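Listed below are the residues making up each chain.
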Amino acid sequence: MRITYQLDGTPVPRFEPGDMVRLVRDEPGPMVTAHAGDWGEVMRNHGAGGLDIRLAGFSRPRNAPMPIATAVPASYVSPCDRNGVRLRLQRDLARRTELI
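To keep things clear, this report deals only with the structure shown in the data block.

With that out of the way, let us pick up the nonpolar core. If you look at the biggest cluster of nonpolar residues, it comprises 12 residues: Phe 15, Val 21, Leu 23, Ala 34, Val 42, Leu 51, Ile 53, Leu 55, Ala 69, Val 72, Tyr 76 and Val 77. Put simply, the parts of the chain that give this core at least two residues each are β3 (20-23), β5 (51-54) and β6 (68-72). Apart from residues no more than four positions distant in its own chain, Ala 34 is found in contact with Leu 23, Asp 26, Glu 27, Leu 55, Arg 60 and Ala 69.

Given below as C-alpha cells:
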C-alpha cells in the first residue's frame, strides 16, 4: 500500500494487490454481496473501476459461495491487518503546520 496526503495532511491509501482491507460500508449495487465489517485481500485495483477483494479465507469460510467482491470503490474500505483489525493512518503533521 502506498500512502499519499491531501494538502491538509489527511492520509489517502492507494491499495495494491496483496493489501488487506476492511469494508466500512456495504458494497454498492442492486445485489449486495459484501457487507460492512467483511475483510479480505485486494486481488486487483481497477482504479476508478474499484477493487476486487477476496473475502474467502478471511472474514468468510474458504468454501463460501461468494468468495470475491468486485468493483468495490476504494472509499468503501479501510486498511486492516490479517485479523481484520482496522489500521489508523497518521496525518502528515508537517503539511498541516504549513497551512497555519
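Okay, back to it.
If you walk through the whole model with that rule in mind, you get four salt bridges. In this structure, Arg 60 and Asp 38 form a salt bridge, with 2.8 Å as the shortest nitrogen-oxygen distance. Here Asp 38 lies in the loop between β3 and β4 (39-45) and Arg 60 lies in the loop between β5 and β6, a separation of 22 residues in the sequence. In this structure Arg 60 comes out as buried when scored by relative accessible area, which is 17%. Arg 44 is paired through a salt bridge with Asp 52; the nearest N and O atoms lie 3.5 Å apart. The partly exposed category is assigned to Arg 44, whose relative accessible area is 43%.

Definitions and limits used
Residues numbered from 1 in each chain as written. Predicted model: local features only at pLDDT ≥ 70, side-chain atom pairs only at ≥ 80, totals over all residues. Heavy atoms only, no water. Core = buried A, V, L, I, M, F, W, Y, C linked by side-chain atoms within 4.5 Å. Buried < 20%, exposed > 50% of the residue type's maximum accessible area, 1.4 Å probe, protein only. Helix = DSSP H or I, 4+ residues; strand = E, 2+ residues; numbered from the N terminus. Contact = heavy atoms within 4.5 Å. Salt bridge = Lys/Arg side-chain N within 4 Å of Asp/Glu carboxyl O.

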